[in-house]
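A structural walkthrough
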There are 2 protein chains.
Amino acid sequence: MVTGNAIAIRQASKRLGHQTMRFETAPAVVASASVVGLREGQGPLGRYFETILEDERYGERCWEQAESRILKEAVNTALGLAGWKEDELDALISGDLLNQISASNFASRNTQMPFLGIFSACATIAEGLLLAATLLEAGVAARVIAAASSHHEAAERQFRYPNEFGAQRPMTAQWTATAAGAIALGLPADGGGGAGWGAAADGSTGEAQLLPRITFATVGKVVEMGQKDPYDMGTAEVPAAWDTLLAHFRETGRDPAYYDLILTGDLARIGSEIFREGMRRRGLDVSSRHMDCGVLLYRPEQDVHAGGSGAGCAASVLASYILKEMRKGRFRRVLFVGTGSLHNPVSIQQGEPIPTIAHAVAIEA
Amino acid sequence: MVTGNAIAIRQASKRLGHQTMRFETAPAVVASASVVGLREGQGPLGRYFETILEDERYGERCWEQAESRILKEAVNTALGLAGWKEDELDALISGDLLNQISASNFASRNTQMPFLGIFSACATIAEGLLLAATLLEAGVAARVIAAASSHHEAAERQFRYPNEFGAQRPMTAQWTATAAGAIALGLPADGGGGAGWGAAADGSTGEAQLLPRITFATVGKVVEMGQKDPYDMGTAEVPAAWDTLLAHFRETGRDPAYYDLILTGDLARIGSEIFREGMRRRGLDVSSRHMDCGVLLYRPEQDVHAGGSGAGCAASVLASYILKEMRKGRFRRVLFVGTGSLHNPVSIQQGEPIPTIAHAVAIEA
């Protein structure tokens, strides 16, 4: 045994404080794609999605395989937009809400993509982005895709009840999105200091586009404050969002005004209000620059109650509206804070509270 | 849209071929710990485990929370052996077999450890090790623990039947281990080229110990060959193990003779035979240096049929016997190949075959 014989450890030059990573190479988002269901397509962000499904079973015989196909379609679309072949991809990092991240496993089967499975509920795409950026920063990969998905029908029957049962949803409930988002990351060959998106290959870009780059990530801790209601996940996730944001601002020395947009996903309507109020009380007012993926994805009249949720919600909103508007310069500095409820149906039945997490990723164009 | 405007991407200097990462800093295993159940403690590796439980419920009121506590105990023991405080840990990377990796989520709740959840079934500890090494290589973390767990009773009732039901297990079935393993990684401050384990802190090590270091990892692809029987997972995983090993030897230029030990986890008895025969036919004979975690963990007379499995099986065997014997010099060059079956109960009920994966991690003392 080695007690008392601890080895002196080299400090990490790109670590700020206890939770924040600094990406010196600033890995770039070189393409992104999203595939969504009909309800999501009819929402306010409809025109930003690559594919909107008429049939949410997508020609498959069950919801679970449909989710896999939706995710695969998002990944393949991102690959195409990046101009990469499947066998050029160094890693697909993906997760979803299905037990044993089944959608991701089946989406990857018999492809040529080295695969790393992750789980962080609705924060999955945030974990995927920070791990993808780490692989690039380390120099052990050149082309990485981070992806996440969810499917309303598959999630409902796994976490709650089959839709046919017609269970009543309280107004605090969020609507699990049928959606997948995939984000392709790489380091531009020319260093890419502010270089226009797509300028390198043929110089024929119609309009100058900015290149969103990942500069920092703050890894979350698992926070559990006693909330036990799976029909109010937004509220459960708020303390984790506070915890991670406070760490981010403390460790980077930045304040909310540094960012054009602080984007949570998914606190939804009720959680967002509590989140903003709590930040104000902590002396960090984010009200003028806060948006939430669960609020952005649907119109209030679409009957989704508190808003959207699911690993595909934040992934698709980020991969579509946010990153596309960043390329046009509408948002220059975005702090994306993925928030997730880490319960499972068994833990809820056993009376356990909901553990939650939030990971923050700074994306700057 | 950006089709046709692909950005030229910088190549990764530490990438070999399509799947292999080279870790220039060679992150070191600075401590490891394992906690196992009674049956595992009575197996041939009993003396290598830090804790053997008499009560597999570990004072908790359900198997699921017991698994969380076992995992947490393994992580805390590894922290103690490394001489690290909880709030010094830059990341805990952990996964398990429970839906939504519930054991890991609950083990991390309200701790000070930044948490990254992963899932790769029985290959989870391999994915955790390669991601931990990547964080260190990138310089975004200094102290990382990779961990994984499984619990026989919790897994049986989730994946198959409650034990009380008394379902008959065929001889190809593997026994899900009640076990957790945690492995602490860091970069020694002195560069550590062959430096003795534990020499830095007080110089009082009883015997010289070697420092196992992670030098390469080969990330697996998801392979599915039509096998549908969840009672024969070892056989299902063999093609993934072949695929990853062939890539590893091709991309590194090494051959099986380079390694003292090629350790799979968990093909168990039946899968191991098919694995070795297939490697021989591919001109890469590993027979004289192959062992499997699922075979090592139990004695044949312990009635586990084909052998052990579960995310905690490979994690605990690696964290105990293998890494401790590496420190003593019994093994100098180990290629650990974590293999996982990525099905879930729903996919089996829906008649889908079992997707599988294998990740290889080269550990050299």
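Please read these numbers as outputs of a predicted model, since none were measured by experiment. For every chain, the first residue of the written sequence is number 1, and numbering continues from 1 along that sequence. To label them, take the chains in the order written and letter them from A, then take the ligands in the order written and number them from 1. With pLDDT at 70 or above as the cut-off, local features in this predicted model cover only qualifying residues; side-chain atom pairs require 80 or more to be listed or tallied, and sums for whole chains, interfaces and linings still use all residues. By convention in this description, side-chain values take in all heavy atoms of the structure and omit both hydrogens and water.

1. Thoughts on the overall build of chain A
In this description a helix means any DSSP run of H or I spanning at least four residues, a strand means any run of E spanning at least two, and both kinds are numbered starting from the N terminus. The helix and strand tally for chain A stands at 11 helices and 15 strands. Relative to its length of 365 residues, chain A is compact, with a C-alpha radius of gyration of 20 Å against a globular reference of 21 Å. Dimensions of chain A along its principal axes, counting C-alpha atoms only, are 55 × 55 × 50 Å. Relative accessibility thresholds used throughout: buried, under 20% of the residue-type maximum; exposed, over 50%; partly exposed, between the two (1.4 Å probe, protein chains only). Burial status across chain A gives 69% buried among its 365 residues. For chain A, the accessible area works out to roughly 11200 Å², and carbon and sulfur atoms hold 48% of it. The convention is simple: Lys and Arg are positive, Asp and Glu are negative, and His and the chain ends are not counted. To locate a charge, take atom NZ for lysine, CZ for arginine, CG for aspartate or CD for glutamate. For chain A, the centre of its 34 positive side-chain charges and the centre of its 41 negative side-chain charges are spaced 4 Å apart. Within these notes, the globule rule equals 2.2 Å times the number of residues to the 0.38 power, and the radius of gyration is based on C-alpha atoms. Areas reported here follow the Shrake-Rupley algorithm with a probe of radius 1.4 Å; residue values treat only the protein chains shown as occluding.

2. So, the packing of aromatic side chains
For this analysis, a ring pair means two rings from Phe, Tyr or Trp (six-membered ring only for Trp) whose centres lie within 6.5 Å, classed as stacked if their planes differ by under 30 degrees, edge-to-face if by over 60, and tilted for the remaining angles. Tallied over the entire structure, the rule returns 10 aromatic pairs over all chains. With centroids separated by 6.4 Å and ring planes inclined at 55°, the aromatic side chains of Phe249(A) and Tyr259(A) adopt a geometry described as tilted. A residue pair is termed long-range when its members are at least 10 positions apart, and Phe249(A) in helix 7 (residues 233–252) and Tyr259(A) in the loop between helix 7 and strand 11 (261–265) qualify at 10 residues. Neither residue differs from the other here; Phe249(A) and Tyr259(A) are each classed as buried. An aromatic cluster is present here, built from Tyr48(A), Tyr321(A) and Phe331(A) joined pairwise through their rings. Lying across the ring of Tyr258(A), Arg333(A) places its NZ or CZ 3.9 Å from the centre. Between Arg69(B) and the ring centre of Tyr58(B), over which it is positioned, the NZ or CZ distance is 4.0 Å. Charge-over-ring placement is defined geometrically: NZ (Lys) or CZ (Arg) within 6 Å of the ring centre, and within 35 degrees of the ring normal.

3. A word on the interface of chain A and chain B
At the interface, 103 residues of chain A touch 103 residues of chain B. Between chain A and chain B the total buried area reaches about 8400 Å² when both faces are included, carbon and sulfur atoms providing 56% of it. Think of a salt bridge as a Lys or Arg side-chain nitrogen and an Asp or Glu carboxyl oxygen that are within 4 Å of each other. Run the count over chain A and chain B and you get 8 salt bridges. Between Asp90(B) and Arg15(A) there is a salt bridge, with its nearest N and O atoms 3.5 Å apart. A per-element tally of the side of chain A that touches chain B places helix 4 (residues 124–138) of chain A first, with 7 residues. Note on contacts: a residue pair is in contact if any heavy atoms of the two residues lie within 4.5 Å. Once two parts are joined, some of their accessible surface, as seen by a 1.4 Å probe, is lost; buried area is that loss totalled over both.

4. Examining the domain arrangement of chain A
All names here are of chain A. The assigned domain composition of chain A is domain 1 (4–186) and domain 2 (210–364). Domain 1 and domain 2 are separated by 16 Å when their C-alpha centres are compared. Of the residues lining the interface, 64 residues belong to domain 1; the matching set on domain 2 comes to 66 residues. Of the roughly 5300 Å² buried at the junction of domain 1 and domain 2 (both faces included), carbon and sulfur atoms supply 61%. At the surface where domain 1 touches domain 2, the tally comes to 1 salt bridge. A salt bridge links Glu-50 to Lys-324; its shortest N-O distance comes to 2.7 Å. We define a polar contact as two N or O atoms separated by no more than 3.5 Å, with the added condition that, inside protein, one atom must be a possible hydrogen donor and the other a possible acceptor, whereas residues neighbouring each other in sequence contribute only through side-chain atom pairs. At the boundary of domain 1 with domain 2, the tally comes to 33 residue pairs in polar contact (both at pLDDT 80 or more). Going through the elements one at a time, strand 2 (20–22), strand 3 (28–36), helix 1 (38–41), helix 4, strand 7 (143–150), helix 5 (152–159), strand 8 (175–176) and strand 9 (179–186) are the ones with two or more residues in the side of domain 1 that touches domain 2. Any residue that is not Ala, Val, Leu, Ile, Met, Phe, Trp, Tyr, Cys, Pro, Asp, Glu, Lys or Arg is counted as polar, Gly included; the first ten are nonpolar and the last four charged. Partitioning the side of domain 1 that touches domain 2 into residue classes produces 37 nonpolar, 18 polar and 9 charged. Either an automatic procedure or a domain database provided the assignment from which the domain bounds are taken.

5. Brief notes about the pairing of strand 11 (residues 261–265) of chain B
Residue and element names in this part refer to chain B. Of all the 5 residues making up strand 11, 5 are buried; the element is thus mostly covered by neighbouring parts of the structure. Here strand 11 shows no split at all, with Leu-261, Leu-263 and Gly-265 on one side and Ile-262 and Thr-264 on the other all buried. Strand pairing follows a simple DSSP-based rule, namely that at least 2 bridges must link the two strands. In this sheet, strand 14 (residues 333–341) lies alongside strand 11 in parallel orientation, the contact comprising 5 bridges. Note that in strand 14 the partner of Leu-263 across the bridge is Phe-336.

6. Looking at the packing of helix 7 of chain A against helix 8 (residues 268–281) of chain A
Residue and element names in this part refer to chain A. Where helix 7 meets helix 8, the axes come as close as 9 Å, and the angle between the chain directions of the two elements is 35°. Handedness of the helix 7/helix 8 crossing: right-handed. Two secondary-structure elements touch here, helix 7 through Gly-234, Thr-235, Val-238, Ala-241, Trp-242, Leu-245, Leu-246 and Phe-249 and helix 8 through Ile-270, Gly-271, Ile-274, Phe-275, Gly-278 and Met-279. Between N-to-C directions, angles span 0 to 180 degrees; the directions come from axes that are lines fitted to C-alpha atoms, helices contributing only their stretch in contact. Take the far helix as the reference: if the near one is turned anticlockwise from it by less than a right angle, the crossing is left-handed, and if turned clockwise, right-handed.

7. As for the relation of the copies chain A and chain B
With an axial shift of 0.0 Å and an RMSD of 0.0 Å, the rotation relating chain A to chain B amounts to 180°. What the rotation and shift describe, once combined, is the action of a two-fold rotation axis. Both copies contact each other with a shared surface, as 100% of the interface residues of chain A are interface residues in chain B too. Copy-to-copy superposition: least squares on the C-alpha atoms, limited to residues that have pLDDT of at least 70 in both copies.

8. Re the pattern of salt bridges
The final tally for this structure, using the stated rule, is 28 salt bridges over all chains. A salt bridge links Arg281(A) to Glu277(A); the nearest nitrogen and oxygen atoms lie 3.0 Å apart. With Arg281(A) and Glu277(A) both in helix 8 and 4 residues apart, this pair spans about one turn of that helix. Ionic pairing is found between Glu137(B) and Lys14(B), a salt bridge with its closest N-O pair at 2.8 Å. Here the residue Glu137(B) occupies a position in helix 4 (residues 124–138), and Lys14(B) occupies one in the segment before strand 1 (15–16), the gap between them amounting to 123 residues. Glu137(B) sits in the buried class, given a relative accessible area of 8%. Salt bridges sharing partners connect three or more residues here, namely Arg61(A), Arg109(A), Glu224(B) and Glu352(B).

9. Some details on the confidence of the model for chain A
All names here are of chain A. Within a predicted model, pLDDT stands for the predictor's per-residue confidence, ranging from 0 to 100. Within chain A, residue pLDDT values average 93, and 94% of them lie at 70 or more. Scored below 50 in pLDDT, residues 193–205 makes 30 contacts in the model with residues more than four places away or belonging to other chains. Prediction confidence for the complex, expressed as pTM and ipTM, is 0.96 and 0.96 respectively.

10. Description of helix 8 of chain A
Residues and elements named next belong to chain A. Between its first and last C-alpha, helix 8 extends 20 Å over 14 residues, near the 20 Å set by a 1.5 Å rise per residue. Where helix 8 is buried, its residues contact helix 7, strand 11, strand 12 (290–292), helix 9 (293–296) and strand 13 (308–309). Positive phi shows up at Gly-283, right after helix 8, with a value of about 80°. By this rule, a helix spans an expected 1.5 Å times one less than how many residues it contains.

11. Considering the side chain of Lys221(B)
On the secondary structure map, Lys221(B) appears in the loop between strand 10 (213–218) and helix 7 (233–252). Of note is the side chain of Lys221(B), whose polar atom sits 3.2 Å from the side chain of Gln112(A). With sequence-adjacent residues up to four places away left out, Lys221(B) is seen in contact with Thr111(A), Gln112(A), Met113(A), Pro114(A), Gln19(B), Asp243(B), Thr356(B) and Ile357(B).

12. With respect to unusual backbone geometry
Most peptide bonds adopt trans geometry, and most residues besides glycine take a negative phi value. For the bond running from Gly265(A) to Asp266(A), omega is 10°, close enough to zero to count as cis. For Asp266(A), the location among the structural elements is in the loop between strand 11 and helix 8. The phi dihedral of Ile101(B) falls on the positive side, at around 35°, and the residue is not glycine. Among the structural elements, Ile101(B) can be located in the loop between strand 5 (91–96) and helix 3 (102–108). A positive phi is found at His305(B), a non-glycine position, where the angle reads about 60°. Mapped onto the elements of the fold, His305(B) is located in the loop between helix 9 (293–296) and strand 13 (307–309). Taking the relative accessible area as the measure of exposure, His305(B) reaches 18% and is therefore buried.

13. Brief notes about the packing of helix 2 (residues 63–82) of chain A against helix 5 of chain A
Residues and elements named next belong to chain A. Packing of helix 2 against helix 5 brings their axes to within 8 Å, and their N-to-C directions diverge by 135°. Relative to helix 5, the element helix 2 is oriented oblique. Between helix 2 and helix 5 the crossing geometry is left-handed. Facing helix 2, whose interface residues are Trp-63, Glu-64 and Glu-67, helix 5 presents Glu-153, Ala-154 and Arg-157. Of the residues that constitute the contact of helix 2 with helix 5, the class distribution is 2 nonpolar, no polar and 4 charged. For classification purposes, an angle smaller than 35 degrees is called roughly parallel, one larger than 145 roughly antiparallel, one from 65 to 115 roughly perpendicular, and anything else oblique.

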